[in-house]
Amino acid sequence: GTIFENLLAEIDPDTEESARKATGSFYTPREIVDYMVEQSLVQYLKTKVSTENEEQLLELFKEGGSNTFEPTETNIILEALSDVKILDPACGSGAFPMGALHKIINALQKLDPDASWWKKKQIANVPNALAKQMLKEKLDVESADYVRKLGVIQNSIYGVDLQSIASEISKLRSFLSLVIDETIIDETENRGIQALPNLEFKFVIANTLIGLPDEENHQFGLFYNYEELEQLKKLREEYLQSYGKKKAKIKDRFLKVQKKAFKKDSNLFTDVNSRSFLITSWNPFKNETSTWFDPEWMFGVEKFDIVIGNPPYIGHKGGQKKLFRQLKKTKLGKQFNNERMDVFYYFFHQAINFSKDNGIICYITTNYYLTADS
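A word on helix H9 (residues 144-155)
Thought 1: Between its first and last C-alpha, H9 extends 17 Å over twelve residues, near the 16 Å set by a 1.5 Å rise per residue.
Thought 2: In terms of burial, H9 is a largely internal element, eleven of the twelve residues being buried.

Structure, rendered in structure tokens:
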């Protein structure tokens, strides 16, 4: 995280402006991240478990804490932590996704000490029989924390950022957190170390504030594309743990199925701003920024249980007129833009859009948030 912040602090020779200032990127201190993640997870679990005792839930996430729940409630909490979907819509170097990973691991160590419940759950989540068997063999020789981390990374944490370096550092931090818990077996091939998971569908480079345009021709809606959407969902799941030739095949297949979903849409060839054109030209395997973001298309997740982060604060007075002209034309801009706008207002609206009913939103805000009537 510190490396990321210092890289962004470098002066851009073209504009003679700090990239950190221009993009509103700042590294959030670990204790703040931990507090926000902990509180968010406690509030989320309160919607699942019949307890108002926050201290009892907080104990699960504390170092040296304990699990005082009965077996039935313990299982409900395990299911909830297995199902939770957490999004940081301006993830930077991945501080919040990583904070969520470590806090969930803390709780799992107390709720399921030998990770036996968690291991069965992860294997059951894999639809492909061959992949299921391979994962079972892999997890059978791994440490409990490796099993836990892999499950959380695969199923629960998601990040978006406009800058490619942010996405890459978030992936790197995920890789490093796994590697330190991987079991070394000297006598096996590659010392028992397998290829790291592919995280292109976990951390994406995109503009969180600009969504896909509405479908003009409704016959090309989700029902029309149902078969292809199901295929893409399976390919995302298989891609996560693939490597070598299989990985290359899945990449190729994903892009072909994505195009096939819209091949009958005339807009695909005539309108470069159409939904069909934008979707079919998105390539998650290239290190390029997407001008739009859609969680269902990019992650296969429609709504999140927790939206958390430290969104950028860039006001109208900050010399970013071009940025605000662009945002004013978007769906959000047409609804909410006003003359004293700040970019982080848009992030509030997107958090509401991306959250489930009863979802938890936890943001660091500017100190004028409480008094700004705009």
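And the narrative resumes.
Focus on the sheet that holds strand S6 (residues 304-309)
Thought 1: With parallel pairing, the five strands of this open sheet are ordered in space as S5-S4-S3-S6-S7. Lying at the two open borders of the sheet, with one neighbouring strand each, are strand S5 (203-205) and strand S7 (355-363). Pairs of neighbouring strands in the sheet enclose a mean axial angle of 20°, with direction left out of account.
Thought 2: In terms of strand pairing, S6 meets S7 through five bridges, oriented parallel. What sits directly across from Gly309, in S7, is Tyr363.
Thought 3: Packing against the sheet, helix H18 (residues 343-354) makes contact with strand S3 (86-88), S6 and S7, and its axis sits at approximately 145° to S7.

What to know about the packing of aromatic side chains
Centre-to-centre distance and the angle between the planes together describe a pair of aromatic rings.
Thought 1: One pass over the full model with this rule turns up 17 aromatic pairs.
Thought 2: With 6.3 Å between their ring centres and 35° between their planes, Trp117 and Trp118 make a pair best called tilted.
Thought 3: Assessed through its relative accessible area of 1%, Trp118 is described here as buried.
Thought 4: With 5.5 Å between their ring centres and 85° between their planes, Phe293 and Phe354 make a pair best called edge-to-face. With Phe293 in the loop between helix H14 (275-280) and helix H15 (295-299) and Phe354 in helix H18, this pair connects stretches of sequence that are 61 residues apart.
Thought 5: When its relative accessible area of 2% is taken as the criterion, Phe293 is described as buried.
Thought 6: The exposure class assigned to Phe354 is buried, which follows from its relative accessible area of 7%.
Thought 7: Among the aromatic side chains, those forming a connected cluster through ring pairs are Phe201, Tyr239, Phe254, Trp282, Phe285 and Trp292.

Let's talk about the side chain of Glu200
Thought 1: Note that Glu200 resides in the loop between helix H10 (164-179) and S5.
Thought 2: The side chain of Glu200 is buried and forms no salt bridge, while Lys171, the nearest opposite charge, is found at 4.9 Å.
Thought 3: In terms of polar contacts, Glu200 uses its side chain to reach the side chain of Tyr239, at 3.1 Å.
Thought 4: In this structure, Glu200 is in contact with Lys171, Tyr239, Pro284 and Phe285, ignoring residues within four places of it in sequence.

Quick notes on the pattern of salt bridges
Any two side chains of opposite charge can pair, so long as their charged atoms come close to each other.
Thought 1: Under the defined criterion, the tally for this structure stands at 14 salt bridges.
Thought 2: In this structure, the salt-bridge partner of Lys62 is Glu38, at a minimum N-O distance of 3.0 Å. Within this pair, whereas Lys62 is found in the loop between helix H4 (54-61) and helix H5 (71-83), its partner Glu38 is found in helix H3 (residues 30-46), the two being separated by 24 residues in sequence.
Thought 3: The exposure class assigned to Lys62 is partly exposed, which follows from its relative accessible area of 36%.
Thought 4: Residue Glu38 is classed as buried on the basis of its relative accessible area of 5%.
Thought 5: Between Glu38 and Lys103 there is a salt bridge; the shortest N-O distance is 2.7 Å. Residue Glu38 is located in helix H3, and its partner Lys103 is located in helix H6 (residues 95-111); the two are separated by 65 residues in the primary sequence.
Thought 6: In this structure, a network of salt bridges that share partners links the residues Glu38, Lys62 and Lys103.

Side note on the side chain of Ser82
Thought 1: Residue placement: Ser82 occurs in helix H5.
Thought 2: A relative accessible area of 5% places Ser82 in the buried class.

A few points about a positive patch on the surface
Thought 1: Taken together, the side chains of Lys321, Lys322, Arg325 and Lys329 present a region of like positive charge at the surface.
Thought 2: In this structure, Lys322 sits in helix H16 (residues 321-328).
Thought 3: Among the residues examined, Lys322 registers a relative accessible area of 68% and is labelled exposed.

Side note on H6
Thought 1: The first and last C-alpha atoms of H6 sit 24 Å apart over 17 residues, in line with the 24 Å expected at 1.5 Å per residue.
Thought 2: By the criterion of burial, H6 is predominantly enclosed, with 15 of the 17 residues buried.

Brief notes about the environment of Asp83
Thought 1: In this structure, Asp83 sits in helix H5.
Thought 2: Here the alpha-carbon distance between Asp83 and Asn155, two residues 72 residues apart in the chain, equals 7.3 Å.
Thought 3: In this structure Asp83 touches Tyr44 and Asp305, once residues within four positions along its chain are discounted.

Quick word on unusual backbone geometry
Thought 1: One non-glycine residue, Ala115, lies in the positive phi region at around 60°.
Thought 2: The residue Ala115 is located in the loop between H6 and helix H7 (116-124) in this model.
Thought 3: Despite not being glycine, Asn358 has its phi angle at roughly 70°, a positive value.
Thought 4: Within the fold, Asn358 resides in strand S7.

Topic: the nonpolar core
Thought 1: One finds Ile77 and Leu81 to be the most contacted residues of the largest nonpolar core, which totals 50 residues.
Thought 2: Of the residues forming this core, the biggest block, ten residues, is contributed by H6.
Thought 3: Excluding its chain neighbours within four sequence positions, the residues that come into contact with Ile77 are Leu45, Val49, Leu57, Leu60, Phe69 and Leu111.
Thought 4: Core analysis: the next-biggest nonpolar cluster, separate from the first, contains 42 residues, Leu278, Phe299, Val301 and Tyr345 among them.

Quick notes on the rules
- Residues numbered from 1 in each chain as written.
- Predicted model: local features only at pLDDT ≥ 70, side-chain atom pairs only at ≥ 80, totals over all residues.
- Heavy atoms only, no water.
- Helix = DSSP H or I, 4+ residues; strand = E, 2+ residues; numbered from the N terminus.
- Expected span 1.5 Å × (residues − 1).
- Buried < 20%, exposed > 50% of the residue type's maximum accessible area, 1.4 Å probe, protein only.
- Pairing = 2+ DSSP bridges.
- Axes fitted to C-alpha atoms, helices over the stretch in contact; angles between N-to-C directions.
- Contact = heavy atoms within 4.5 Å.
- Phe/Tyr/Trp six-rings, centres within 6.5 Å; stacked < 30°, edge-to-face > 60°.
- Lys, Arg positive; Asp, Glu negative; His and termini not counted.
- Salt bridge = Lys/Arg side-chain N within 4 Å of Asp/Glu carboxyl O.
- Polar contact = N/O pair within 3.5 Å; in protein donor to acceptor, adjacent residues only side chain to side chain.
- Patch = residues over 30% accessible without salt bridge, like charges linked within 9 Å, V, L, I, M, F, W, Y side chains within 5 Å.
- Areas by Shrake-Rupley, 256 points an atom, 1.4 Å probe, with all protein chains shown as cover.
- Charge placed at Lys NZ, Arg CZ, Asp CG, Glu CD.
- Core = buried A, V, L, I, M, F, W, Y, C linked by side-chain atoms within 4.5 Å.

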